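# Report on the structure
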Amino acid sequence: MPPAAGSRPRSDADARVIAPPGRRLCEVTGNRQTGGYRIFSALDAAGPEPRAGQFYMLSAADAWGQRSGRPYLPRAFSVAEAHAADAGVRLDFLVEDVGPGTERLADLRRDEGLWVTGPLGRPFSYPRELGSDLAGAILVGGGVGLAPLAIHRRQLVERGVPVRTLVGFRDREHSGGVEELFGCCEVRLASEDGHVGHRGYVTELLAVLLEGDAARTAAVYACGPPAMLEAVRALCVEREVEAELAMEAPMACGFGACYGCAVPLAAGGYMRLCTDGPVVSAAEIETALVPGSGH
Ligand SMILES: Cc1cc2nc3c(=O)[nH]c(=O)nc-3n(C[C@H](O)[C@H](O)[C@H](O)COP(=O)(O)OP(=O)(O)OC[C@H]3O[C@@H](n4cnc5c(N)ncnc54)[C@H](O)[C@@H]3O)c2cc1C
Ligand code: FES
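Before going into details, it helps to say that this report is about the structure given with it.

The rules behind each value
- Residues numbered from 1 in each chain as written.
- Chains lettered and ligands numbered in written order.
- Predicted model: local features only at pLDDT ≥ 70, side-chain atom pairs only at ≥ 80, totals over all residues.
- Heavy atoms only, no water.
- 1 Å grid on protein atoms, 1.4 Å probe; cavity = no way out; pocket = protein on both sides within 12 Å on 5 of 7 lines; lining within 4 Å.
- Points joined across faces, edges and corners; volume = space filled by probe spheres on them.
- Helix = DSSP H or I, 4+ residues; strand = E, 2+ residues; numbered from the N terminus.
- Nonpolar A, V, L, I, M, F, W, Y, C, P; charged D, E, K, R; others polar.
- Buried < 20%, exposed > 50% of the residue type's maximum accessible area, 1.4 Å probe, protein only.
- Pairing = 2+ DSSP bridges.
- Axes fitted to C-alpha atoms, helices over the stretch in contact; angles between N-to-C directions.
- Parallel < 35°, antiparallel > 145°, perpendicular 65-115°, else oblique.
- Left-handed = near helix turned anticlockwise from the far one by under 90°.
- Contact = heavy atoms within 4.5 Å.

### With respect to the layout of surface pockets
Over the atoms, a rolling probe the size of a water molecule traces out where space has been left empty. Empty space within the second largest pocket amounts to approximately 500 Å³. As for the second largest pocket, its lining consists of 30 residues, and the residues nearest its centre are Gly142, Gly143, Gly224, Pro225 and Met228. The set of elements that each furnish at least two residues to the lining of the second largest pocket consists of β9 (163-169), α5 (202-211) and α7 (226-239). A class-by-class count of the residues in the lining of the second largest pocket yields 15 nonpolar, 11 polar and 4 charged.

Structure below.
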């Protein structure tokens, strides 16, 4: 299933940070609860600083495969924050326990070992790379999908880009990370059960924003469950708003070898999400409803 060639615009975003070959053993430096999720941190002594939107393949050094051999393969995780210091790069990950791999990662203890491969994949672009008149950014996060938007927001703010942040949660159990990952910045919240912010979908907040000037002056960046991403994709394509989506698909290898992460392109053909994504242009994909992804 070859990926379609020449079907997507290229930008500086393709100046991705390249992973060193092989996996590296990192030391877990922290793990804390945030609402219904956990944030764990690891010190990557030998790896480069990632760009926002890139991901890592992760597995615990011990007791990986403890549930009758599951999980066998490493699991894909977006980097939520990265801070370079003398001892290495501190990487933060936001995890939702949905199965054997995420359960083990959510349970990591300080000083344990964590195998990492990465950073992998294509990062987010900056607004000016998507359009010369795009000065601002609108971030739209759903559930645990707010992870890559946290590091993206910080990197945008550091470059002086005005950012508006919209975050939606299903219910209280499936929420968390806003204060820890976004700090003191203003975040507009929505929840389907009304436990916080606007009662309804975060995409309703986005639709209101796009009624105004934002549709012509800002790029949209989204990460979250497939149904939310598909709503963002449809809204932005219909209104001709530049948008990038950080997507998920089942990933066995993470570096282009297995073709397990194929996503259909609007122009026909497929891309491998691990190498041509996970950040994709909303206009280039046929749908964000990728079979086998989302939970
Ligand atoms: C690029 C990328 C970045 C990701 N970032 C994060 C993150 O920051 N935090 C986080 O908690 N999770 C993230 N995920 C999802 C995470 O990799 C899956 O939840 C994990 O692989 C599930 O493994 P498991 O062994 O716990 O459960 P499994 O038993 O393997 O799966 C449990 C459920 O999750 C679904 N699922 C499995 N793999 C994926 C997948 N890759 N994407 C979506 N749904 C899946 C399955 O359909 C099943 O319903 C990311 C996935 C990708 C591809
Ligand atoms: S995960 Fe193997 S090719 Fe993408």
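Now that the structure has been shown, we can carry on.
### A look at the pairing of strand β3 (residues 55-60)
Of all 6 residues in β3, 6 are buried; the element is thus mostly enclosed. With burial as the criterion, each face of β3 is covered, one bearing Phe55, Met57 and Ser59 and the other bearing Tyr56, Leu58 and Ala60. Where β3 meets strand β4 (residues 75-78), 4 bridges bridge the pair, whose relative direction is antiparallel. The partner of tyrosine 56 across the bridge, within β4, is phenylalanine 77.

### Some remarks on the packing of α5 against α7
Viewed as axis vectors pointing N to C, α5 and α7 meet at an angle of 15°, and their least axial separation amounts to 10 Å. Comparing the axis directions of α5 and α7 gives the class roughly parallel. In the crossing of α5 with α7, the sense of the turn from one axis to the other is right-handed. Residues Val202, Thr203, Leu206, Ala207, Leu210 and Glu211 of α5 touch α7, and the partners they reach there are Met228, Ala231, Val232, Leu235, Cys236 and Arg239. The class makeup of the residues in the contact of α5 with α7 is 9 nonpolar, 1 polar and 2 charged.

### Regarding the sheet that holds β9
Strand order in this open sheet of 7 strands is β11-β10-β9-β8-β12-β13-β16, and the pairing throughout is mixed. Because the sheet does not close on itself, it has two edges, and the strands there are β11 (198-199) and β16 (279-281). In the packing of helix α3 (residues 147-158) onto the sheet, contacts are made with β8 (136-142), β9, β12 (218-223) and β13 (243-246), and the angle to β8 comes to roughly 165°. Against the sheet, α5 engages β8, β9, β10 (187-191), β11 and β12, with an angle of about 150° to β9.

Fair warning: the whole summary comes from geometry, so function is off the table for now.
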